[in-house]
Amino acid sequence: GLAVGMAVGQVLLLLLAACTVMPAKDPLLNVCMDAKHHKTKPGPEGMLHEQCAPWKDNACCTANTSSEAHKDQSNLYNFNWNHCGVMPSKCKRHFIQDTCLYECSPNLGPWIDQADSSWRRERILHVPLCKEDCEEWWEDCKDYVTCKENWHKGWNWATGTNRCPWGSMCRPFSQVFPRPKDLCEKIWSNSYKYTTERRGSGRCIQMWFDPAHGNPNVVVAKYYAWKKRSSSAGTENVTPETNEAVCALPWPLLVLLPLALVMVSKGAGGCRPHGWGSL
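One numbering rule holds for all chains: residues counted from 1, following each sequence as written. Given that the model is predicted, a residue must reach a pLDDT of at least 70 before its local features are reported, and side-chain atom pairs must reach 80 or more before they are shown or counted; all residues, however, enter totals for whole chains, interfaces and linings. Heavy atoms from the whole structure form the basis of all side-chain values; hydrogens and water molecules are not counted.

### Overview of the confidence of the model for the protein chain
Link 1 in the chain: Scored by pLDDT, the protein chain comes out at a mean of 76, with 67% of its residues at no less than 70.
Link 2 in the chain: Per-residue pLDDT, averaged within each element of the protein chain, yields its smallest value for helix α8 (residues 240-245) (45) and its largest for helix α4 (residues 131-141) (93).
Link 3 in the chain: pLDDT runs from 0 to 100 and stands for how confident the predictor is about each residue. Residue contacts are defined here by distance: any two heavy atoms, one from each residue, within 4.5 Å place the two residues in contact. In the predicted structure, residues 241-249 sits below a pLDDT of 50 and forms eight contacts with residues beyond four places in sequence or in another chain.
Link 4 in the chain: Here residues 268-279 is a poorly scored stretch, pLDDT under 50, and it has five contacts once near neighbours within four places are set aside; other chains count. Put simply, DSSP marks the helices as runs of H or I at least four residues long and the strands as runs of E at least two long, and each gets a number from the N terminus on.

Following this line, the structure appears as structure tokens:
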């Protein structure tokens, strides 16, 4: 009887272990992209500079990358914000924040895509940006001037930094990007997607957030990672919460389950392990 009880106990422990071990590491969550300045995996960084500081508890960027992100002529990409005159600081802070999100965030996994450039193997594509983040960016920059709609390519790099290409004119942002959607989607070749989702909804990525309340993008990445998986598996109707609660048991344990139940029923009539008598 005791041997039966122990065998049943072991089988049940095995089943329990399978339940707890099964949610394996999700390759879309808490990851860094394979790009020029990114760390191989995210982790704490004590001294992230100014606007990159919200990511210090778990970052894909180093302290050096975070301070370079704040410079007018940064060593990160030799990119010059002031290509059509001096960019006002209220506008520039959005570009710094955008750089911090790109370099530091470990929550962009669901949107990492292959890149075909010499300086990075991966990029982000169609990251759903919160409505306020996009609209404030446009509002604060609409009076600045630029000569290009897509800042990823097509510059004149003859001097080692980006200059306006020959024949292009410097025009107000509001002409080059008539709406916030144009700015967010076109400036970095569709890295971002404009959404009508609001901050705190759990459905859009925030460039700006207060780290005192935690990182709101963690839950957003989880939602879109689940959505990506379920659409490829064709199970759109399950919510992520119930989906995660299901315990996926490997087949050898499913085979053992009926056996365990038989042993339980046989052992029930015999002696009980110590401590069960009072139940």
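### Let's talk about the state of the cysteines
Link 1 in the chain: Any two cysteine sulfur atoms lying within 2.5 Å of each other are counted as a disulfide. With the rule as written, the count across this model stands at eight disulfides.
Link 2 in the chain: Between C61 and C104 runs a disulfide, and the two sulfur atoms are separated by 2.2 Å. For the disulfide bridge between C61 and C104, the dihedral angle about the S-S bond is near 95°, and by the sign convention the bridge is right-handed. Of this pair, C61 sits in the loop between α1 (2-21) and α2 (63-68) while C104 sits in helix α3 (residues 89-104), and the two are 43 residues apart along the sequence.
Link 3 in the chain: Buried residues are those whose accessible area, probed at 1.4 Å on protein chains only, stays under 20% of the maximum for their type, while exposed residues exceed 50% and partly exposed ones sit between those limits. Overall, C104 belongs to the buried group, its relative accessible area being 1%.
Link 4 in the chain: Covalent S-S linkage joins C91 and C141, the inter-sulfur distance amounting to 2.1 Å. On the sign convention where negative is left-handed, the bridge of C91 and C141, at about 100° about the S-S bond, is right-handed. Separated by 50 residues along the polypeptide, C91 in helix α3 and C141 in helix α4 bring together distant segments of the chain.

### A word on α4
Spacing of three or four residues puts side chains on the same side of an α-helix, whose turn is 3.6 residues.
Link 1 in the chain: With respect to burial, α4 is a largely interior element, eight of its 11 residues being buried.
Link 2 in the chain: Buried within α4 we find K131, E132, D133, C134, W137, W138, D140 and C141.
Link 3 in the chain: Among the structural elements, α3, β3 (127-129), α5 (173-176), α6 (180-186) and β6 (192-194) are those in contact with the buried residues of α4.

### Here's the deal with the packing of α3 against α4
Relative orientation and spacing of two packed helices are given, respectively, by the angle between their axes and the distance between those axes.
Link 1 in the chain: Contact pair α3 / α4: the axes reach a minimum separation of 7 Å and the direction vectors enclose 140°. Crossing geometry of α3 relative to α4 is assigned as left-handed. Each of K90, C91, R93, H94, F95 and D98 in α3 lies in contact with α4, whose residues at this interface are E136, W137, D140 and C141.
Link 2 in the chain: Throughout this entry, Asp, Glu, Lys and Arg are counted as charged residues, while Ala, Val, Leu, Ile, Met, Phe, Trp, Tyr, Cys and Pro are counted as nonpolar. The remaining residues, Gly among them, count as polar. For the contact of α3 with α4, the residue count by class is four nonpolar, one polar and five charged. Axis lines are fitted to C-alpha atoms, over the contacting stretch for helices. Their N-to-C directions set the angle, which ranges from 0 to 180 degrees. Crossings are classed by handedness, with left-handed meaning an anticlockwise turn of the near helix from the far one by less than a right angle and right-handed meaning a clockwise turn.

### Here we look at α3
Link 1 in the chain: A rise of 1.5 Å per residue sets the reference length of α3, with its 16 residues, at 22 Å; its end C-alpha atoms lie 21 Å apart and thus fit the reference within 8%.
Link 2 in the chain: Of all 16 residues in α3, 13 are buried, a share of seventy percent or more. The span expected for a helix works out to 1.5 Å for each residue beyond the first.

### Structural notes on the nonpolar core
Link 1 in the chain: Among buried residues, those of type Ala, Val, Leu, Ile, Met, Phe, Trp, Tyr and Cys that are joined through side-chain atoms within 4.5 Å constitute a nonpolar core. One finds F95, W137, W151, F173, I187, W188 and Y192 to be the most contacted residues of the largest nonpolar core, which totals 50 residues.
Link 2 in the chain: Elements supplying a minimum of two residues to this core: α3, β3, α4, α5, α6, β6 and α7 (217-233).
Link 3 in the chain: Here this core takes seven residues from α3, the largest share from any one element.
Link 4 in the chain: If near-sequence neighbours (up to four positions away) are discounted, W137 is found in contact with H94, F95, D98, L129, L183, C184, I187, W188, Y192 and M207.

### Some points on the pattern of salt bridges
Link 1 in the chain: Salt-bridge detection follows one rule: a side-chain nitrogen of Lys or Arg within 4 Å of a carboxyl oxygen of Asp or Glu. According to the stated counting rule, one finds 11 salt bridges in the structure shown.
Link 2 in the chain: Several salt bridges share partner residues, and in doing so they unite E149, R179, D182 and K186 into one network.

### Looking at the packing of aromatic side chains
Link 1 in the chain: Geometry of aromatic contacts follows a simple scheme: Phe, Tyr and Trp rings, the Trp one being its six-membered ring, pair when their centres are within 6.5 Å, and the pair is stacked under 30 degrees between planes, edge-to-face over 60, tilted otherwise. Inspection of the entire model under this criterion finds 19 aromatic pairs.
Link 2 in the chain: Judged by centre distance (6.2 Å) and plane angle (70°), the ring pair of W151 and W155 falls under edge-to-face.
Link 3 in the chain: Exposure remark for W155: the relative accessible area of 8% places this residue in the buried category.
Link 4 in the chain: When the centroid spacing of 6.1 Å and the interplanar angle of 90° are considered together, the rings of W151 and W188 count as edge-to-face. Placement of W151 in the loop between β4 (145-146) and β5 (171-172) and of W188 in the loop between α6 and β6 is noted, with a sequence separation of 37 residues between them.
Link 5 in the chain: Three or more aromatic residues link up through ring pairs in this structure, and these residues are F79, W81, F95, W137, Y144, W151, W155, F173, F177, W188 and Y192.
Link 6 in the chain: Lysine NZ or arginine CZ positioned within 6 Å of the ring centre and within 35 degrees of the ring normal marks a charge as sitting over the ring. Across from the ring centre of W155, 5.6 Å away, lies the NZ or CZ of K148, which sits over that ring.
Link 7 in the chain: Directly above the aromatic system of Y223 lies the positively charged group of R203, at a separation of 3.6 Å from the ring centroid.

### Some thoughts on the environment of E103
Link 1 in the chain: Assignment of secondary structure puts E103 in helix α3.
Link 2 in the chain: A relative accessible area of 1% means that E103 is categorised as buried.
Link 3 in the chain: Separated by 71 residues in sequence, E103 and C32 place their C-alpha atoms 8.7 Å apart.

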